[in-house]
Amino acid sequence: MVTYTRPERLVVLTGAGMSAESGIETFRGANGLWEGHRLEEVATPEAWRRQPDLVRRFYNERRRNLMHSLPNAGHEILAHWQAKISVKIITQNVDDLHERAGSKDVLHLHGELMKSRSCGPNETTRRMKGWEMTAHDRCPDGFQIRPHIVWFGEAVPNMSTAMELVKSADCLVVIGTSLQVYPAAQLAFETGADVPIHLIDPDANSLNQMGAEAWPMKASEGLKKLDNRWFGSDQC
Ligand code: OAD
């Protein structure tokens, strides 16, 4: 019988595949287009300057879809682990499904769909009550608001905190990310020496450039197996 040591300081890096079982489409899936636009055409500061209505509509649709979505079994497992070990989640996702499943320690690298941000110098953020952002919406200081999203070409403010978390982990689980978008993807390569990495993704075998243990399956399936390995009575 092989036994596996459960981690004490687990860091989890999640991407769009984490929320796929909640009905939220991944970015680089089948056609990767929204109304004929590539993501890079609507998720940039240039798009916001040139076509703010289009950008607002894009995120309004994402927000409305999110409000009808629920955390899946994978989100729930990660939230349950908090009662047993330290779990820090670094997510590229802008949805709030980790939080809605009960996870407390969630660092959003690419912003949060359910928040708006002032276009003024203070860049204050506010939680949105509904799905719709309109051209007339202003924050209390009078400035226009924009989606609280890190667009292509913008800095990733939480990157240095994320890097510190990964370096202090005694285990890293990477879930549902194609590892194509930097700097976030770099995190998968920043663990300390001999720190085990688990990669859960249907494409795990081809994505595995970091010597991880590959779990080529959906997020909830891989997490159930890890849960059983670390916390089940019948350790495999
Ligand atoms: P991608 O769409 O690039 O990759 C999604 C990954 O999820 C792929 O590797 C799929 O194989 C995998 N996948 C699909 N279904 C899955 C499931 N049920 N369980 C587990 N994995 C599954 O999404 P990201 O890598 O997250 O940025 O994309 C990174 C960033 O690109 C996003 O944060 C977004 C986008 O531009 C912004 O919006 C700023």
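This write-up is about the structure you can find in this document.

What follows is about helix α4 (residues 73-81). Residues Gly74, His75, Ile77, Leu78, Ala79 and Trp81 constitute the buried set of α4. Buried residues belonging to α4 abut β1 (9-14), β4 (86-91), α5 (97-101), β9 (171-175) and α8 (219-231).

All right, on to the state of the cysteines then. One pass over the full model with this rule turns up zero disulfides. Considering cysteine sulfurs only, Cys119 is the nearest to Cys139, which forms no disulfide, with 7.7 Å between them. For Cys139, a relative accessible area of 7% translates into the label buried.

This paragraph deals with the site of the ligand. In the vicinity of the ligand, 23 residues are found, and the nearest of them are Arg28, His110, Thr177, Ser178 and Asp201. The backbone of Gly17 places a nitrogen or oxygen atom 3.2 Å from a nitrogen atom of the ligand. For the ligand, an oxygen atom lies 2.6 Å from a polar atom in the side chain of Asp201. For the ligand, whose free accessible area comes to 800 Å², the fraction covered by protein is 91%.

A few words on the sheet that holds strand β10 (residues 197-200). Across the sheet, which stays open at both edges, the six strands sit in the order β5-β4-β1-β9-β10-β11 with parallel pairing between neighbours. A single partner strand is all that each edge strand has here, and the edge strands are β5 (106-108) and β11 (213-215). Across the sheet, the mean angle from the axis of one strand to that of its neighbour is 15 degrees, orientation sign disregarded. Both β1 and β4 contribute to a ladder of six bridges, which runs parallel. If you follow Thr14 over to β4, its bridge partner there is Thr91. Its contacts with the sheet place α4 against β1, β4 and β9, and it is angled at close to 140 degrees to β4. α8 contacts β1, β9, β10 and β11 of the sheet and is inclined by roughly 145 degrees relative to β10.

Definitions and limits used
Residues numbered from 1 in each chain as written. Predicted model: local features only at pLDDT ≥ 70, side-chain atom pairs only at ≥ 80, totals over all residues. Heavy atoms only, no water. Buried < 20%, exposed > 50% of the residue type's maximum accessible area, 1.4 Å probe, protein only. Helix = DSSP H or I, 4+ residues; strand = E, 2+ residues; numbered from the N terminus. Contact = heavy atoms within 4.5 Å. Disulfide = S-S within 2.5 Å. Near = heavy atom within 4 Å. Polar contact = N/O pair within 3.5 Å; in protein donor to acceptor, adjacent residues only side chain to side chain. Areas by Shrake-Rupley, 256 points an atom, 1.4 Å probe, with all protein chains shown as cover. Pairing = 2+ DSSP bridges. Axes fitted to C-alpha atoms, helices over the stretch in contact; angles between N-to-C directions.

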